[in-house]
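Here is how the chains run, residue by residue.
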Amino acid sequence: MKKILAAILLSLSALYITGCTDIGISGNSSQASQPSVQSSQDTQPSKNESSQDERSDNKNSADENSDSEASDKKSSADENSGKEVSEAESSDEEGVDEESSEIDLMEEADIFNFRIKIDDTVYQLPFDYAELEDNGYYLNRDGELSPETYSRSMEWKNEDGKVISTQLWNPSNKPKDYEECKIGSIEIKLSEEMAVIMPGNFSFDLDVTPEKIKEQYGEPESEHIYNDYVTLRYKVDLSKTIEFFIYTNENYIKFSSVTVKNFS
């Protein structure tokens, strides 16, 4: 009987010891698992923060791209605008240069440069037959000119009925058709109502007088005074002359004329 009781006591003692050990292990296991949960909770904000950082980076990148594109577009627009302004200025400067060049031709005061400006076109004698044609004048006759000779006075007209009188000149040693010749002499009358400018930007118009001509060009080589008109001739030689025919009678002033001749 004692043996049986001892065996029971030993069994109970073993069970008690076993139960305490399981409880301790279970408690430790519970405590050990707790940090794992906390660790999981700690990692969650890290993912959210990463997601927010990514969104922030993406936004910043988009803003930078947008700013860069806007800057590029503005820069491109500014460059195009600057280019257009530059081209416009360049075009204006070219127009001014061309106009200045033409004005400069007539600013030279030497009457023996044999230039005359008619309705904004400058002619320097002698010049090609085709120049008058290109400016709308026509000659209603054909013919041939002998070598080293000049023609009688011939009238050219334009569509407005304005008339320019000329003499053709053939400086070559062969006969030439009229259209192959040069124009060596040109005469303009005030009655044609053309804008005529002489060297030194001297206007040959209804206000012209012998005194104004002499004030501009000095004393002529010859001057002849008649009752109703005065002639003034400026001459290098017989083939190079400028002659003014000025009416002093107001009733005939519109018939005053200037003739520029250069057969050399």
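Cut-offs and rules
Residues numbered from 1 in each chain as written. Predicted model: local features only at pLDDT ≥ 70, side-chain atom pairs only at ≥ 80, totals over all residues. Heavy atoms only, no water. Helix = DSSP H or I, 4+ residues; strand = E, 2+ residues; numbered from the N terminus. Contact = heavy atoms within 4.5 Å. Polar contact = N/O pair within 3.5 Å; in protein donor to acceptor, adjacent residues only side chain to side chain. Salt bridge = Lys/Arg side-chain N within 4 Å of Asp/Glu carboxyl O. Buried < 20%, exposed > 50% of the residue type's maximum accessible area, 1.4 Å probe, protein only. Arc of directions from axis to C-beta. Pairing = 2+ DSSP bridges. Phe/Tyr/Trp six-rings, centres within 6.5 Å; stacked < 30°, edge-to-face > 60°. 1 Å grid on protein atoms, 1.4 Å probe; cavity = no way out; pocket = protein on both sides within 12 Å on 5 of 7 lines; lining within 4 Å. Points joined across faces, edges and corners; volume = space filled by probe spheres on them. Nonpolar A, V, L, I, M, F, W, Y, C, P; charged D, E, K, R; others polar. Patch = residues over 30% accessible without salt bridge, like charges linked within 9 Å, V, L, I, M, F, W, Y side chains within 5 Å. Areas by Shrake-Rupley, 256 points an atom, 1.4 Å probe, with all protein chains shown as cover. Lys, Arg positive; Asp, Glu negative; His and termini not counted. Charge placed at Lys NZ, Arg CZ, Asp CG, Glu CD.

Asks: How should I be thinking about the environment of Glu221 in this particular structure?
Replies: Relative to the helices and strands, Glu221 resides in the loop between α3 (210-217) and β12 (222-225). A C-alpha to C-alpha distance of 5.7 Å links Glu221 and Arg233, two positions 12 residues apart in sequence. Contact partners of Glu221, with chain neighbours within four places excluded, come to Arg233, Tyr234 and Lys235. Looking at Glu221, its side chain comes within polar contact range of the side chain of Ser222, at 3.3 Å.

Asks: Mind showing me how you'd approach the pattern of salt bridges here?
Replies: A side chain of one charge can pair with a side chain of the opposite charge if their charged atoms are brought near each other. For the coordinates displayed, the defined rule picks out seven salt bridges. Asp128 is the partner of Lys182 in a salt bridge, and the nearest nitrogen-oxygen pair spans 2.7 Å. Of this pair, Lys182 sits in strand β9 (residues 182-189) while Asp128 sits in strand β3 (residues 127-128), placing them 54 residues apart in sequence. Given the relative accessible area of 39%, Asp128 is considered partly exposed.

Asks: Honestly, α3 in this entry has me stumped. Any pointers?
Replies: Turn by turn, an α-helix covers 3.6 residues, leaving residues three or four places apart pointing in a common direction. Restricting attention to buried positions, one finds in α3 the residues Pro210, Ile213 and Tyr217. Seen along its axis, α3 keeps its buried residues to an arc of 60 degrees; they face one direction. Turned more than 90 degrees away from the buried face of α3 sit Glu211 and Glu215, all of them exposed. Check the buried side of α3 and you find it contacts β10 (196-198), β11 (202-203), β13 (229-237) and β14 (240-247). The positive-phi residue at the C-terminal boundary of α3 is Gly218, with phi of around 85 degrees.

Asks: Quick question: what am I supposed to make of the pairing of β13 here?
Replies: On any regular strand, side chains alternate: one points to one face of the sheet, the next to the other face. Where β12 and β13 come together, four bridges link them in antiparallel fashion. Across the sheet, residue Ser222 finds its bridge partner in β13, namely Arg233. Here β12 folds back onto β13 in antiparallel fashion, the turn holding three residues.

Asks: Looking at this structure, how should I read the packing of aromatic side chains?
Replies: Given two aromatic rings, one states the distance between the centres and the angle between the planes to describe the pair. Scanning the model with the defined rule gives 15 aromatic pairs in all. What links up through ring pairs into an aromatic cluster is the set Phe202, Phe204, Tyr217, Tyr234 and Phe244.

Asks: Whenever I open this one, the environment of Ser222 confuses me. Can you help?
Replies: If you trace the backbone, Ser222 turns up in strand β12. By relative accessible area, which is 19% here, Ser222 ends up buried. On a C-alpha basis, the gap between Ser222 and Glu243 in space is 9.5 Å, while along the polypeptide they are 21 residues apart. If sequence neighbours within four positions are ignored, Ser222 has contacts with Thr231, Leu232 and Arg233.

Asks: Would you mind showing me how to read the layout of surface pockets here?
Replies: Over the atoms, a rolled probe matching the size of one water molecule traces out where space is still vacant. Size it by volume and the largest pocket reaches roughly 170 Å³. In terms of lining, the largest pocket is formed by Arg233, Leu238, Thr241, Glu243, Phe244, Phe245, Ser257, Thr259 and Lys261. Of all the secondary-structure elements, those providing two or more residues to the lining of the largest pocket are β14 and β15 (257-262). Top element by residues in the lining of the largest pocket is β14. It accounts for four residues. In terms of residue class, the lining of the largest pocket is built from three nonpolar, three polar and three charged.

Asks: What exactly am I supposed to notice about a negative patch on the surface here?
Replies: Together, Glu133, Asp134, Asp142, Glu144, Asp177, Glu179 and Glu180 give the surface a local cluster of negative charge. With respect to the secondary-structure elements, Asp177 resides in strand β8 (residues 176-177). Taking relative accessible area as the criterion, Asp177 reaches 36% and is therefore assigned partly exposed.

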